[in-house]
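Commentary on secondary and tertiary structure
What follows is the residue order along each chain.
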Amino acid sequence: MGKVTGFKEFPRSAVPYRAEAERLGDFDEIFSGADPEHLQTQGARCMDCGVPFCQSEEGCPVDNLIPEWNDLVYQDEWRAALDRLHATNNFPEFTGRVCPAPCEGACVLGITEPAVTIKNIEQAIIDRGFEEGWVEPVAPRQRSGFKVAVAGSGPAGLAAADQLNRAGHAVTVYERADRIGGLLMYGIPMMKLDKRLVERRVDLLRQAGVDFVTRTNIGTKAAVSTDHMINLMEEGRDETAYLSVEEVLDRYDALVLAVGATEARDLPIPGRTASGIHFAMEYLTRSTQSLYEKSPSSINAAGKRVIVIGGGDTGADCIGTALRQGCQSIVNFELLDRPPNKRASNNPWPQWPLIVRSDYAHTEAQHRFGKDPRNYSL
Ligand code: SF4
């Protein structure tokens, strides 16, 4: 376990984001650097509680061995912590940044005290691993002779490709967009996940033997709706290539479907077709593309009065993007009622705590305009 009395000695102290005034001026990651000694005290708070609910069904969806690496960080054994983290998680640099951390909601210490800062520790372990050069391509010792195609290069597709390649199969990942990564690349904005981290991991997979093909959709053109990601990718660029499932199965022994949900849920209400109304994925994708290409985004909130409908993570990412583009004002509509400040009696530990939270973009809006942009029950 961490330090026997660690949870009594050290209060929870999460690694802060960069100050709003600074981070609103760029699309760099919101995270500030973590001090290793500080994280050791946070790892020391883990009680190794015997039945670690952070690893239960209510906790970490990738079954991270959380108490083990908390203890190793406390012991200053960062390399061993990295090995235990990679034992269950192909890409901790992504989860350590963008996961909502259900582990912390299920942490046993959270019954009476603020939970262990699990997500911060996870990010610090993998970031240190890359800094120290400990993260290397993992190629198989021998090949199986089987060929596998993976449709989709988001986190699921990349993890499937990694595991299949380690098992010795020859893996080719097909992606319909122009860059590998799926939602990691175009759904999550730069300030939450630097795209160089995605490219770094894709390069490692390439070095381990995985092949990647972009701008190729497995399926038929007729099945693609007019507002689909593919049409977005074709604007001013080459046409997307199509491969039928039959063609794929002729060339490969198996096909893994790891496709995303890029079909947006529409809001069929009066006025929906007015100009200036966009789906979140279209907005976020164009923003990231424009940052890559160093050109203004074709959907730009600069000088605009912006309404974001939807109070979840994607809504927050749209708020953060609009603020960085220089919107004149911002309002956020949320369908549900404002959650309570503390768990309600019908939402006990270790369930995900349904409480009011302020995401990075909400505090940024507060900083810029002097008030929380959220309006509930709308
Ligand atoms: S933050 Fe990390 S340890 Fe926690 S639930 Fe997410 S992936 Fe698992």
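Since the model is a prediction, treat every value here as computed from it, not as a measurement.

**A few points about the nonpolar core**
Nonpolar side chains in soluble globular proteins generally cluster together in the buried interior. I66, W69, C103, V116, I118, I121 and I125 are the most contacted members of the largest nonpolar core, which totals 27 residues. Only α4 (66-74), α5 (78-86) and α8 (118-132) provide two or more residues apiece to this core. Considering each element in turn, this core owes the most residues, 6 residues, to α8. What I66 contacts, discounting residues up to four positions off in sequence, is C54, Q55, C60, C103 and I118. With 25 residues, the next largest nonpolar core counts V150, L184, V198 and M229 among its residues.

**Here we look at a nonpolar patch on the surface**
Residues L267, I269, I307 and I309 make up a contiguous nonpolar surface patch of roughly 390 Å² in combined accessible area. Tracing the chain through its elements places L267 in the loop between β6 (254-257) and α14 (280-293).

**Topic: the sheet that holds strand β2 (residues 170-174)**
Reading across from one edge, β3-β2-β1-β6 is the order of the 4 strands in this open sheet, with parallel pairing throughout. Two strands lie at the open edges of the sheet, namely β3 (211-213) and β6, each paired on one side alone. Ignoring which end each strand starts from, the neighbouring axes of this sheet average 20° apart. Across 5 bridges, strand β1 (residues 147-151) lies against β2 in parallel orientation. Considered in β2, the bridge of A151 is made with Y174.

**Let's talk about the packing of aromatic side chains**
A complete count under the given rule lists 4 aromatic pairs for this structure. Ring centres 5.8 Å apart and planes at 70° place the aromatic pair Y17 and F31 in the edge-to-face group. Placement of the pair is Y17 in the loop between α1 (6-9) and α2 (20-23) and F31 in the loop between α2 and α3 (36-44), with a sequence separation of 14 residues. Assessed through its relative accessible area of 37%, Y17 is described here as partly exposed. We classify F31 as buried; its relative accessible area is 16%. When the ring of Y174 is compared with that of Y252, the centres are 6.2 Å apart and the planes differ by 85°; the resulting orientation is edge-to-face. Remark: Y252 occurs in the loop between α13 (245-251) and β6 and Y174 occurs in strand β2; sequence separation between them is 78 residues. A relative accessible area of 6% means that Y174 is categorised as buried. Owing to a relative accessible area of 11%, Y252 belongs among the buried residues under this scheme. The ring of Y292 carries the charged tip of R179 above its face, separated from the ring centre by 3.9 Å. Its end group placed over the ring of F130, R200 keeps NZ or CZ at 3.4 Å from the ring centre.

Parameters at a glance
Residues numbered from 1 in each chain as written. Predicted model: local features only at pLDDT ≥ 70, side-chain atom pairs only at ≥ 80, totals over all residues. Heavy atoms only, no water. Core = buried A, V, L, I, M, F, W, Y, C linked by side-chain atoms within 4.5 Å. Buried < 20%, exposed > 50% of the residue type's maximum accessible area, 1.4 Å probe, protein only. Helix = DSSP H or I, 4+ residues; strand = E, 2+ residues; numbered from the N terminus. Contact = heavy atoms within 4.5 Å. Patch = residues over 30% accessible without salt bridge, like charges linked within 9 Å, V, L, I, M, F, W, Y side chains within 5 Å. Areas by Shrake-Rupley, 256 points an atom, 1.4 Å probe, with all protein chains shown as cover. Salt bridge = Lys/Arg side-chain N within 4 Å of Asp/Glu carboxyl O. Pairing = 2+ DSSP bridges. Axes fitted to C-alpha atoms, helices over the stretch in contact; angles between N-to-C directions. Phe/Tyr/Trp six-rings, centres within 6.5 Å; stacked < 30°, edge-to-face > 60°. Lys NZ or Arg CZ within 6 Å of the ring centre and 35° of its normal.

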